[in-house]
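Examining the three-dimensional arrangement
For reference, the chains in residue letters:
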Amino acid sequence: MPIHECFICRDDIEARRLYGNLGNEEGELCPICRQPACKYHLAIVRWRWRESGTIETARICHLCLSRYNHRNWDVANRDWIT
């Protein structure tokens, strides 16, 4: 889903200069913080569902990844791999 503006690029002058709006077409909302992030500021995390054992992935923003916010996302049902 295309986004209008990446919140990381908006706040970081160097990132804005480097990427501009190039990654907005492939950007999406971070499922953790609900902020729009461009493709350059998204990272993939993986987890295993406790009930079924299947592995799934999601793209989250770099800020949530670096702060380990994804580890608190639905901890009752997910075992985190990355």
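Residues numbered from 1 in each chain as written. Predicted model: local features only at pLDDT ≥ 70, side-chain atom pairs only at ≥ 80, totals over all residues. Heavy atoms only, no water.

With respect to unusual backbone geometry
Leaving glycine out, the prevailing phi sign among residues is negative, and the prevailing peptide bond configuration is trans. Stated formally: Numbering of helices and strands runs from the N terminus, with a helix taken as a DSSP run of H or I at least four residues long and a strand as a DSSP run of E at least two residues long. Here's how the labels work: a residue is buried when its accessible area is under 20% of the maximum for its type, exposed when over 50%, partly exposed in between, all with a 1.4 Å probe on protein chains only.
Phi angles above zero are rare outside glycine, and Arg34 is one such case at about 65°. Relative to the helices and strands, Arg34 resides in the loop between strand 1 (28–29) and strand 2 (36–37). A residue is classified by how much of its surface remains accessible, and Arg34, at 58% relative accessible area, is exposed. Of note in the backbone geometry, Asp74 takes a positive phi value of approximately 60° without being a glycine. Within the secondary structure layout, Asp74 lies in the loop between helix 3 (62–66) and strand 5 (78–80).

Here we look at the pairing of strand 4 (residues 55–61)
Filter applied, for reference: Strand pairing is assigned whenever DSSP detects at least two bridges linking the two strands.
For strand 3 (residues 42–49) and strand 4, the ladder comprises seven bridges, and the chain directions are antiparallel. Across the sheet, the residue bridging to Ile44 is Arg59, located in strand 4.

Spatial relationships are all this shows, so hold off on functional conclusions.
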